[in-house]
Amino acid sequence: MGSRQIRLGQLIAPFGPGSIYTDRNGVPHVVAGLDLWYKRWNQTTGRMEPCEDLGEFERFEPRLSALLHVDRFRIPPDFRFAREGSRRPPNSLLHVPALRFPRWYRHTKTGQMRRFNLSSQRISPADGGGRWQPVRFISVCSAGHLCEFPWQAWIGCTCPAYGDLYLTDRGGSELSSVTVQCRSCPEGSSGRRGRSLSGTTSRPDAEAGERSEFQKQGIACPGERPWLGEHAEESGCTMPLVGALINQTNIYFARTFSAISLPDLANDSPTIAALRTEIEHLSDIGIAKTYWNMGASGKAVRAIRGSLEDLGIAADDGDVKQVLDGLFAGAGVPVPAGASRPLEPESELLAFRRAEFDTLRLEIDNPELHKDIRIVHTQVAPRLSRWFSQVNLVERLKETRVFYGFDRLEHAGSGIDGMPESAMQQLFRTPPRQPQDRWLPAIEVFGEGVFIELREDAISAWQTRNSEWLAARLDEQFINRLQRVPQALPPLGVPGMRWASRFLLVHSLAHILLAQLVFDCGYSTASLRERLFVSCDPVAPMAGMLLYTAAGDSEGTLGGLVRLGRTERLGDVVQRAVSRAAWCSADPVCSEHLGGRGPRLVNLAACHACALLPETSCETINDGLDRAMVIGTPGATERGFLSALLSETYQLG
């Protein structure tokens, strides 16, 4: 792939293994599977060799490890140049490899097609002028396979050695203007006559009994997995093959999951807390967990104690065992004292998010014991106290983002069923069989944020006061569609209007505030993120949001976001945000109730002019939004949760 062409964080999303990345020369490649990572090419032996010290890249996050059932994570290798004749830095010349894809190229002057190998480094100049240009079309299936376009099968060509194919591509948006033919086929045959690509990119509705154009021609998915190298096909794929452009956005959806690093607040021993902080940052903590899961707790303790001694830290076996027991047990973080436990059963993902909610509500201000998180209480601005119950300044946080696979054609969300076998099978050509050999790529980022929690009594009063309006706006079909958005973390039971309206309120308010913070804090829109905490449990409800930014360096960010969360500033920020959201340039059309907008029909009053954000900033990829929950509609502004604040804004104006 070359050095310094892509940032490390982009190898988690959107350019993880299996994705198509176009380099600076305009040549598309597919990012290679994990078998080929952390290796360098030895020109002397002509072989790929592993790096010297993998421990440098090892990372561990106890909650993610427990959730994804993987003991070890590794950050992608950064490229380190080694000058000939000078002392070589450790782990130098490591690339994240990429393979040539698509392999079919077209001569820009004659239209002739030629197929190259995945590992072809250079392409010789074309004869007679012109150049070889990669074709624009490939094929994919929803099982995750990435295949070459079936050029010969599509036109009925049976010539050996790929025939003599010619592609006429005028570069238009209509597929009827793109035709392929084989000039070595007999005169009068379908291959010699050629055929356009019309209809090949249409995805069939399997539930309605539709078939793709390839299925109609008897063309099945060959199960190609070029990111794992040559001849890595999976046989027997039954999913319909669909044509696609190489830059089409739905051919790759990265599966990622992130976690905020949380301290063990249930243990009040400073010695144990400090020791836990040191152990969490050891490179061999993943290996220790594997020993622990195998029942060899003594071996795990000895390994960790040896690593601590190398750092000059003396520790008792009993203390080390106590720390490891807390790190490796269940979700890894005990429930903080005083936190309410939900009455109703929750999904594993919602319980995972609740642990962060319980911690973010507390004040954590001891950098000696808790290096990765610092939370400071601040007083809620008087003008916001009717709606906000708590505002905390998260002056430092560490987020670990893990890549564990991908989807094609349709985003399946954050499903973790089948882990870790599903990820191992998809990302490795030879899946590791032993637990200690399993790992996933991850990135650690540091940043800051503002945690806001809404008042439960204010939400209940708003829902009761507007029950008829909410019931009319959020009908049963809309709620069912919203429940099918996995990133929304819906309740396990049948969701109702109270959950749906709560989620839309919290989510829409987060977007409205993020859009305003961009103007006030100096960060770009894409650098800000949301983290939602929503539950309508009768005993332990949640209605909160973390608006944060995170950067890849160890120093975190500069404090501009936290500064805006202070008492004297947040009130003005919220008031300006509500005022901006009160009118959209697409109104009144944007605010009309049309039954649902967006790809999943789970948006109401939300468009690119008012409430939508870059997809990297939104947890649900801009699904589940309705700014009417916050500010009402043009004809009924009193319906919004913050309508009174909006009225005050108009009076001040």
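Throughout this description, residue numbers start from 1 for each chain and increase along the sequence as written. For this predicted model, a pLDDT threshold of at least 70 governs which residues receive local features, and a threshold of 80 or more governs which side-chain atom pairs are given and counted, while totals over whole chains, interfaces and linings are taken from all residues. Side-chain metrics in this entry use all non-hydrogen atoms of the structure; hydrogen atoms and water are not considered.

### Examining the overall build of the chain
And step 1. On a plain count of helices and strands, the chain comes out with 18 helices and 22 strands.
And step 2. Atoms counted for the radius of gyration: C-alpha only. Globule rule: 2.2 Å times the number of residues to the power 0.38. The C-alpha atoms of the chain give 27 Å as radius of gyration, which agrees with the globular expectation for 653 residues (26 Å, within 12%).
And step 3. For the C-alpha atoms alone, the extent of the chain along its principal axes is close to 80 × 70 × 45 Å.
And step 4. Burial status follows relative accessibility: with a 1.4 Å probe on protein chains alone, a residue under 20% of its type maximum counts as buried, one over 50% as exposed, and anything between as partly exposed. Put simply, the chain has 653 residues, and 53% of those count as buried.
And step 5. Contacts: residue pairs with any heavy atoms within 4.5 Å of one another. Intrachain contacts of the chain at a sequence separation of at least 6 include 67% that bridge at least 24 residues.
And step 6. Calculation of accessible area relied on Shrake-Rupley with a 1.4 Å probe; when residues are assessed, cover is drawn exclusively from the protein chains displayed. With the model as given, the accessible surface of the chain reaches about 29000 Å², and the carbon-plus-sulfur share is 48%.
And step 7. Only four residue types enter the charge count, namely Lys and Arg as positive and Asp and Glu as negative; His and the chain termini do not. For this purpose, a charge sits on NZ of Lys, CZ of Arg, CG of Asp or CD of Glu. One way to put it: in the chain the 72 positive side-chain charges average out to a point 7 Å from where the 75 negative ones average out. Strands are runs of DSSP state E lasting at least two residues, helices are runs of H or I lasting at least four, and both sets are numbered from the N terminus onward.

### What about the sheet that holds strand 1 (residues 20–22)?
And step 1. When DSSP finds at least two bridges between two strands, those strands are taken to pair. Read across the open sheet, the three strands follow the order 1-2-7; overall the sheet is antiparallel. Both outer strands of the open sheet, strand 1 and strand 7 (98–100), are each paired with one neighbouring strand and no more. Strand-to-strand twist in this sheet, taken as the mean axis angle between neighbours without regard to direction, amounts to 45 degrees.
And step 2. Judged from the three bridges that link them, strand 2 (residues 28–31) and strand 7 form a sheet pairing that is antiparallel. Opposite His 29, over in strand 7, you have Arg 100 as the bridge partner. With axes taken as lines fitted to C-alpha atoms, and helix axes fitted only over the stretch in contact, angles between N-to-C directions fall between 0 and 180 degrees.

### Some details on helix 8 (residues 317–328)
And step 1. Between the first and last C-alpha of helix 8 there are 16 Å, a value that for 12 residues agrees with the 16 Å anticipated at 1.5 Å per step.
And step 2. In this structure, the buried residues of helix 8 make contact with helix 1 (62–68), helix 5 (270–280), helix 6 (285–293) and helix 7 (297–310).
And step 3. In protein, a polar contact means a hydrogen-donor-capable atom and an acceptor-capable atom, both N or O and within 3.5 Å, with residues adjacent in sequence counting only if both atoms are side-chain atoms; elsewhere, any N or O pair within 3.5 Å suffices. Where helix 8 begins, one side-chain oxygen reaches toward the backbone nitrogen of Gly 318, 2.8 Å away; that side chain belongs to Asp 316. Take the residue count of a helix, subtract one, and multiply by 1.5 Å to get its expected span.

### Observations regarding the pattern of salt bridges
And step 1. A carboxyl oxygen of Asp or Glu within 4 Å of a side-chain nitrogen of Lys or Arg is what we treat as a salt bridge. With the rule as written, the count across this model stands at 37 salt bridges.
And step 2. For Arg 600, the salt bridge is made with Asp 623, and the minimal N-O distance between the two is 3.6 Å. A residue pair is termed long-range when its members are at least 10 positions apart, and Arg 600 in the loop between helix 16 (567–581) and helix 17 (628–631) and Asp 623 in the loop between helix 16 and helix 17 qualify at 23 residues.
And step 3. Linked through salt bridges whose partners overlap, the residues forming this network are Arg 63, Arg 353, Glu 356, Glu 399, Arg 401, Arg 531 and Glu 619.

### Overview of the nonpolar core
Nonpolar side chains in soluble globular proteins tend to be buried together.
And step 1. Here, the term nonpolar core denotes a set of buried Ala, Val, Leu, Ile, Met, Phe, Trp, Tyr and Cys residues that are joined through side-chain atoms within 4.5 Å. Within the largest apolar cluster, 73 residues are counted, with the highest numbers of intra-cluster contacts made by Ile 138, Leu 440 and Leu 546.
And step 2. Apart from residues lying up to four places away in sequence, Leu 440 is in contact with Leu 68, Val 70, Arg 72, Phe 73, Arg 74, Val 402, Phe 403, Tyr 404, Met 419, Ala 423, Met 424 and Leu 427.
And step 3. Membership of the second largest hydrophobic core comes to 62 residues, among which are Ala 488, Val 518, Tyr 523 and Leu 645.

### Concerning empty space enclosed by the protein
A probe matching the size of a water molecule, rolled over the atoms, marks out where space remains unfilled.
And step 1. Cavity and pocket criteria rest on a 1 Å grid covering protein atoms alone: a 1.4 Å probe that fits but cannot get out defines a cavity, protein on both sides within 12 Å along at least 5 of 7 lines defines an open pocket, and an atom within 4 Å of a point defines a lining residue. Grid points are joined across faces, edges and corners, and a volume is the space filled by probe spheres set on the points. Here the structure, examined in full by the defined rule, presents five cavities of 30 Å³ or more.
And step 2. Along the wall of the largest cavity there are 14 residues; nearest its centre are Pro 263, Thr 277, Glu 280, Leu 369 and His 370.
And step 3. When residues are grouped by polarity, Ala, Val, Leu, Ile, Met, Phe, Trp, Tyr, Cys and Pro land in nonpolar, Asp, Glu, Lys and Arg in charged, and all others, Gly among them, in polar. The residue inventory of the lining of the largest cavity, partitioned by class, reads five nonpolar, four polar and five charged.
And step 4. Approximately 70 Å³ is the volume found for the second largest cavity.
And step 5. In terms of lining residues, the second largest cavity is bounded by Leu 350, Arg 353, Gln 487, Ala 488, Leu 489, Phe 503, Leu 532, Phe 533, Val 534, Met 542, Glu 619 and Thr 620.
And step 6. Elements that contribute at least two residues to the lining of the second largest cavity include exactly helix 9 (348–360) and strand 21 (528–535).
And step 7. By residue number, the principal contributor to the lining of the second largest cavity is strand 21, which donates three residues.
And step 8. The class makeup of the residues in the lining of the second largest cavity is eight nonpolar, two polar and two charged.

### Re the environment of Thr 378
And step 1. Tracing the backbone through its elements, the reader meets Thr 378 in strand 18 (residues 374–378).
And step 2. For Thr 378, a relative accessible area of 17% translates into the label buried.
And step 3. At 3.0 Å, the side chain of Thr 378 and the side chain of Thr 567 are in polar contact.

### Thoughts on the packing of helix 6 against helix 8
And step 1. For the pair helix 6 and helix 8, the least separation of the axes is 11 Å and the interaxial angle reads 85 degrees. The angle between the axes of helix 6 and helix 8 places the two elements in the roughly perpendicular class. Facing Ile 285, Ala 288, Lys 289 and Trp 292 of helix 6, the residues of helix 8 in contact are Lys 321, Leu 324, Asp 325, Leu 327 and Phe 328.
And step 2. Of the residues belonging to the contact of helix 6 with helix 8, the class tally is six nonpolar, no polar and three charged. Orientation categories follow fixed angle ranges, with anything under 35 degrees roughly parallel, anything over 145 roughly antiparallel, 65 to 115 roughly perpendicular, and all other angles oblique.

### Quick notes on helix 16
And step 1. Spanning 15 residues, helix 16 covers 22 Å between terminal C-alpha atoms, matching the ideal 21 Å at 1.5 Å per step.
And step 2. Turning to helix 16, its buried residues number three or more, namely Leu 570, Gly 571, Val 573, Val 574, Gln 575, Ala 577, Val 578 and Ala 581.

### Quick word on the sheet that holds strand 13 (residues 165–169)
And step 1. In space, the three strands of this open sheet follow the order 13-14-15, with antiparallel pairing throughout. Strand pairing shows two members of the sheet lacking a second neighbour, strand 13 and strand 15 (195–196), which therefore form its edges.
And step 2. Pairing of strand 13 with strand 14 (residues 178–182) involves five bridges; the strand directions are antiparallel. Looking at the pairing, Thr 168 lines up with Thr 179 of strand 14.

### A few points about the side chain of Glu 148
And step 1. Tracing the backbone shows Glu 148 in strand 12 (residues 146–148).
And step 2. According to the relative accessible area criterion, Glu 148 is buried, its value standing at 5%.
And step 3. Polar side-chain contacts of Glu 148 include one of 2.7 Å to the backbone nitrogen of Arg 103.
And step 4. Once residues within four sequence positions are removed from consideration, Glu 148 is found in contact with Phe 101, Pro 102, Arg 103, Trp 104, Arg 115, Ser 139 and Glu 224.

### Things to note about the state of the cysteines
And step 1. Throughout, a disulfide means two cysteine sulfur atoms within 2.5 Å of one another. Applying the stated criterion across every chain, the model contains zero disulfides.
And step 2. Free of any disulfide, Cys 147 has its nearest cysteine sulfur in Cys 221, 4.1 Å distant.
And step 3. Free of any disulfide, Cys 607 has its nearest cysteine sulfur in Cys 584, 3.4 Å distant.
And step 4. Classification of Cys 607 by relative accessible area gives buried; the value is 19%.

### What to know about the environment of Leu 384
And step 1. By secondary structure assignment, the location of Leu 384 is in the loop between strand 18 and strand 19 (388–407).
And step 2. The class for Leu 384 is buried, based on a relative accessible area of 1%.
And step 3. Along the primary structure Leu 384 and Asp 365 are separated by 19 residues, whereas in three dimensions their C-alpha atoms are 25 Å apart.
And step 4. Sequence-distant contacts of Leu 384, that is, excluding residues within four places in its chain, are made with Leu 570, Gly 571, Val 574 and Leu 645.

### Focus: unusual backbone geometry
And step 1. Between Ala 13 and Pro 14 the backbone carries a cis peptide bond, its omega angle lying at 10 degrees.
And step 2. The residue Pro 14 is located in the segment before strand 1 in this model.
And step 3. In this structure, the amide linkage connecting Asp 587 to the following residue, Pro 588, adopts the cis form with an omega of 5 degrees.
And step 4. Within the secondary structure, Pro 588 sits in the loop between helix 16 and helix 17.
And step 5. You will see that His 69, though not glycine, has its phi angle at about 60 degrees, which is positive.
And step 6. Following the sequence through the fold, His 69 ends up in the loop between helix 1 and strand 6 (72–74).

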